Amino acid sequence: MEEQDYTRRSQRPQKRRLRKGRTFFTLLLLCVIVIIGYSVMQYRSGLKLASDTKVAQEDFTGDTVKGDIENYLLLGIDSRGEEKSRTDTMMVLSWNKKTNDMKLVSLMRDIYAEIPGYKSYKLNTAYYLDGVQLLKDTISNMFGLPIHHYAIIDFKNFESLVDIIAPNGVEIDVDKDMSEKIGVSLKQGVHNLNGKELLGFARFRHDEKGDFGRVERQQKVIEALKNEILSPQNMLNLPKFVGAAQGYITSDYSSAGEIQQVLKMVSKGKVKLEKATIPVEGSYSFKSFSGVGDSIVIDVEKNKEFLRNFLGISLE
């Protein structure tokens, strides 16, 4: 009899542990369901918000990916409702998928370049003449740089994306008072900038540095946005941001492919971003051409050598 009582008593703690285990598992399952449900709703909300607003899809043939590094041609345009526009922002983002390191190369828009099938113009004219493929071919022919994918965003859409991922603004150290031809008025100092203000900061060029200063600010903005996307405090905004990006950003990826790439980057945690500008210091001069205007004439070989070392890839 005593032995039976002891056996019953010894089984009670195990039953309690089993009940606690089931309760914990049930709560965990409910949390997962809530998170997935919230993410899906926010993603759809972002997708709906950005419907019918993206730049038209273009035919594009990228280079074949070899190894762990992929290069993305990132373009910012100010369409203003026009059918054709020049690219105000031209960058190549080189992503090492193995290390999750990124290198960002800004290309000055006034570089004097040979455009296949046309005479030489400023580099940003290539997109105006025949779209992203012609610009890609111009860059690849000039520097031997492989470009695997592209992404284009209109500036108005950029403003909206910033406000989604960082509703409280993006912290930026504004280097000087600025207002001329940027649509906003900014004061020197550290401020949280909304989408419109951040775009104005990135586009300002009416100082002694001109376009070179603007490129520096654009890179500063990209760095700040990268930090916002990876910030734990903004993770709840990420599903809506990804959904809106489907509508606001045009690329050669399918919707599923875009999501997959963003999730890959985020899942690997901290991202190191190094920045550079082409042309590099001491490799260019200014010259005016008839029908083209003031342009930047560069030493192509010196800049190719820099790109080869900076990106760690072979160039044709």
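Residues numbered from 1 in each chain as written. Predicted model: local features only at pLDDT ≥ 70, side-chain atom pairs only at ≥ 80, totals over all residues. Heavy atoms only, no water.

Q: Sorry, what's going on with the layout of surface pockets here?
A: Remark: the empty space left among the atoms is shown by a probe the size of a water molecule rolled over them. Looking at the second largest pocket, its volume works out to about 340 Å³. Forming the walls of the second largest pocket are 16 residues, and the residues nearest its centre are Lys66, Pro146, His148, Ser314 and Glu316. Broken down by secondary-structure element, the contributors of at least two residues to the lining of the second largest pocket are strand S1 (69–77) and helix H2 (125–143). (1 Å grid on protein atoms, 1.4 Å probe; cavity = no way out; pocket = protein on both sides within 12 Å on 5 of 7 lines; lining within 4 Å. Points joined across faces, edges and corners; volume = space filled by probe spheres on them. Helix = DSSP H or I, 4+ residues; strand = E, 2+ residues; numbered from the N terminus.)

Q: Help me understand the sheet that holds strand S10 (residues 273–278) in this model?
A: The pairing of strands in a sheet comes from backbone hydrogen bonds and takes either a parallel or an antiparallel form. Sheet architecture is open: six strands sit in the order S9-S6-S1-S2-S3-S10, paired in mixed fashion. Two strands close off the open sheet at either side, each with one partner strand: strand S9 (249–251) and S10. Averaged over all neighbouring strand pairs, the angle between strand axes comes to 20°, with direction disregarded. Relative to strand S2 (residues 87–96), S1 runs antiparallel, the two being bridged by nine bridges. If you follow Asn71 over to S2, its bridge partner there is Ser94. Against the sheet, H2 makes contact with S1, S2, strand S3 (101–107), strand S6 (149–154) and S10, and its axis sits at roughly 140° relative to S1, the strand it touches most. (Pairing = 2+ DSSP bridges. Axes fitted to C-alpha atoms, helices over the stretch in contact; angles between N-to-C directions. Contact = heavy atoms within 4.5 Å.)

Q: What exactly am I supposed to notice about the packing of aromatic side chains here?
A: Given two aromatic rings, one states the distance between the centres and the angle between the planes to describe the pair. Counting across every chain of the model gives five aromatic pairs. Note on Phe60 and Tyr150: the rings are 4.9 Å apart at their centroids and 55° apart in plane angle, and the pair reads as tilted. On the criterion of sequence distance, the pair formed by Phe60 in the loop between helix H1 (2–49) and S1 and Tyr150 in strand S6 is long-range, its members being 90 residues apart. Of the two residues examined, Phe60 and Tyr150, each falls in the buried class. A centroid spacing of 3.8 Å and a plane angle of 0° characterise the contact between Tyr112 and Phe289, whose relative ring orientation is stacked. With Tyr112 in strand S4 (residues 112–113) and Phe289 in strand S11 (residues 284–289), this residue pair connects regions lying 177 residues apart in the sequence. The class of Tyr112 is partly exposed, set by a relative accessible area of 24%. We classify Phe289 as buried; its relative accessible area is 18%. The structure contains a cluster of three or more aromatic residues connected by ring pairs, namely Phe212, Tyr284 and Phe286. Over the ring of Phe310 we find Lys103; its NZ or CZ atom is 5.3 Å from the centre of that ring. (Phe/Tyr/Trp six-rings, centres within 6.5 Å; stacked < 30°, edge-to-face > 60°. Buried < 20%, exposed > 50% of the residue type's maximum accessible area, 1.4 Å probe, protein only. Lys NZ or Arg CZ within 6 Å of the ring centre and 35° of its normal.)

Q: Would you take a moment to explain the environment of Phe310 for this structure?
A: Following the sequence through the fold, Phe310 ends up in helix H8 (residues 300–311). Note: C-alpha distance between Phe310 and Val105 (205 residues apart in sequence) is 9.3 Å. Those residues in contact with Phe310, other than ones at most four positions away along the chain, are Lys103, Leu104, Val105, Glu274, Lys275 and Ala276.

Q: Would you explain the pairing of S2 in this entry?
A: Within a regular strand, the side chains alternate between the two sheet faces. With nine of ten residues buried, S2 is to be regarded as a mostly interior element. Two elements, S2 and S3, share six bridges in a ladder whose sense is antiparallel. Directly across from Met91, in S3, lies its bridge partner Ser106. Taking the residues between adjacent antiparallel strands as the criterion, S2 and S3 are bridged by four residues, where Asn100 takes a positive phi near 65°.

Q: When you look at empty space enclosed by the protein in this model, what are you seeing that I'm missing?
A: Taken as a whole, this structure holds two cavities of 30 Å³ or more when the rule is applied. Each pocket or cavity is described by its volume, and for the second largest cavity that value is around 70 Å³. Around the second largest cavity sit Asp88, Thr89, Met90, Ser106, Leu107, Met108, Arg109, Asp211, Arg214, Val215 and Gln218, which together line it. Of all elements in the fold, only S2, S3 and helix H5 (210–230) reach the threshold of two or more residues within the lining of the second largest cavity. The element that contributes the greatest number of residues to the lining of the second largest cavity is H5, accounting for four residues.

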